[in-house]
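# Coordinate analysis (summary)
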Amino acid sequence: MVAKQVIEPILDPVFLADSYGYRPRKSALDAVGVTRERCWKYDWVLEFDIKGLFDNINHELLLRAIRKHVTCKWALLYIERWLRAPMMREDGTTIERDRGTPQGGVVSPILANIFLHYAFDLWMARTHPDLPWCRYADDGLVHCRNEQEAQALKSELQARLAECHLEMHPTKTKIVYCKDKKRKGKYPNVKFDFLGYCFRPRLVKRSRDNALFCGFNPAVSSSAMKAMRSTIRELKLRHQTQLSLQDIARQLNPLLRGWIEYYGRYASSALYPLLRHINQMLVAWVMRKFKRFKGHTVRASQFYKGFAKEQRALFVHWDIGMTGVFN
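Here's what I pulled together on the structure shown here. (Residues numbered from 1 in each chain as written. Predicted model: local features only at pLDDT ≥ 70, side-chain atom pairs only at ≥ 80, totals over all residues. Heavy atoms only, no water.)

What follows deals with the sheet that holds strand β8 (residues 197-205). Read across the open sheet, the 3 strands follow the order β7-β8-β9; overall the sheet is antiparallel. Unpaired on one side and paired on the other, β7 (192-194) and β9 (212-220) mark the two borders of the sheet. Within the sheet, the average angular offset between the axes of one strand and its neighbour, ignoring direction, is 50°. With 3 bridges connecting them, β7 and β8 associate as antiparallel partners. Bridge pairing links Phe194 to Tyr197 in β8. (Pairing = 2+ DSSP bridges. Helix = DSSP H or I, 4+ residues; strand = E, 2+ residues; numbered from the N terminus. Axes fitted to C-alpha atoms, helices over the stretch in contact; angles between N-to-C directions.)

To continue, consider the side chain of His277. Of note, His277 is situated in helix α10 (residues 272-289). Assessed through its relative accessible area of 14%, His277 is described here as buried. Those residues within four positions of His277 in sequence are excluded, and the remaining contacts are Arg229 and Ile232. (Buried < 20%, exposed > 50% of the residue type's maximum accessible area, 1.4 Å probe, protein only. Contact = heavy atoms within 4.5 Å.)

What follows deals with the layout of surface pockets. Here the largest pocket defines a volume of roughly 450 Å³. Lining the largest pocket are 20 residues, with Trp40, Val204, Phe213, Gly215 and Asn217 sitting closest to its centre. Counting only elements with at least two residues in the lining of the largest pocket, the list comes to α2 (28-41), β8 and β9. A total of 6 residues in the lining of the largest pocket trace back to one element, the largest contributor, which is β9. Of the residues that constitute the lining of the largest pocket, the class distribution is 9 nonpolar, 2 polar and 9 charged. For the second largest pocket, the calculated volume is near 210 Å³. Around the second largest pocket, the lining residues are Leu61, Leu62, Arg64, Ala65, Lys68, Phe115, Tyr118, Ala119, Arg160 and Cys164. Among the elements that line the lining of the second largest pocket, the one with the most residues is helix α4 (residues 59-67), at 4 residues. Looking at the lining of the second largest pocket residue by residue, the classes come out as 7 nonpolar, no polar and 3 charged. (1 Å grid on protein atoms, 1.4 Å probe; cavity = no way out; pocket = protein on both sides within 12 Å on 5 of 7 lines; lining within 4 Å. Points joined across faces, edges and corners; volume = space filled by probe spheres on them. Nonpolar A, V, L, I, M, F, W, Y, C, P; charged D, E, K, R; others polar.)

What follows concerns the environment of Lys182. Among the secondary structure elements, Lys182 is positioned in the loop between β6 (174-177) and β7. Sequence separation of Lys182 and Cys214 is 32 residues, and the distance between their C-alpha atoms is 8.6 Å.

With that settled, consider the sheet that holds strand β5 (residues 139-144). Taken in spatial order, the 4 strands make up an open sheet running β4-β5-β1-β6, and their pairing is antiparallel. Across the chains shown, the open sheet's two edge strands, defined by having one partner strand only, are β4 (133-136) and β6. Averaged over all adjacent pairs, the angle separating strand axes in this sheet is 20°, with direction ignored. Here 6 bridges tie strand β1 (residues 44-49) to β5, and the two strands are oriented antiparallel to one another.

Taken together, the side chains of Lys181, Lys182, Lys184 and Arg208 make up a positively charged region of the molecular surface. Tracing the backbone shows Lys184 in the loop between β6 and β7. Overall, the relative accessible area of 63% leaves Lys184 in the exposed class. (Patch = residues over 30% accessible without salt bridge, like charges linked within 9 Å, V, L, I, M, F, W, Y side chains within 5 Å. Areas by Shrake-Rupley, 256 points an atom, 1.4 Å probe, with all protein chains shown as cover. Salt bridge = Lys/Arg side-chain N within 4 Å of Asp/Glu carboxyl O. Lys, Arg positive; Asp, Glu negative; His and termini not counted. Charge placed at Lys NZ, Arg CZ, Asp CG, Glu CD.)

Let us look at α10. In this model, α10 (18 residues) spans 25 Å end to end at C-alpha, consistent with the 26 Å of a helix rising 1.5 Å per residue. When you tally the buried positions in α10, you get 13 out of 18 residues, the bulk of the element. (Expected span 1.5 Å × (residues − 1).)

Here it is in structure tokens:
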């Protein structure tokens, strides 16, 4: 952490504006927002993923990039030691390393950023200055004007990454057509996931007259929804009848607040199925907690809805009054 605090003020000003990952004053939501706007302007997207980035960064190239900007001798010494340190297996044997950054180390993200600054960001600025791109760590997007341009760029980028001893992920890399009401062509890929959001054709309301039209927009992805549901299930709250609703709220609210703030930024209604799932779980808890509601789903639901209206401040999703979560 001390090394990160020393090198970050030196390296961060070097990075380009469209590098968003693990940087102060930049967020994943910033990257989602700029991608949303560019998908409206450009018909095609090359979505790329770098296979095992943190495990495959070439030490020689990385150290060359760091030494170009960092002159602090002790910071350089420790970074090189961390990179070169042998990795110990579970059986006690060690493996010498010539690539990869420290697993789980707080300094690893900024090391990866400076590596990709030279491997991708500056390369794009130099070779394709007319194509906007966005990168969050090893996940990136480039917006293209047509399919041929996207196909050509994919081949070029694959070769560029190989030069830097990296590999483009074969299945997570794809070309996507940003289909909407004006784009009538057909293409097998018309959606992509980026930072927990799924970008695809969606029916949206026009602000000036509330008319529905098909736009290419982001909303919480199915994989993110699945992960959130899994987190809720792992808490096993519906069976913990020894708890009070206040106890459950203390466990759930930090999760709900984070999810709603992040995934609720764009197409917040896409979160309704998750919030309904949580309400159903809480109704099931009510039926187990209070004997008079055992086997009476309708009565338990009515009790729950009434309580939620009276005590809106108890749960985050009650307090913000997201329409439809009780349906």
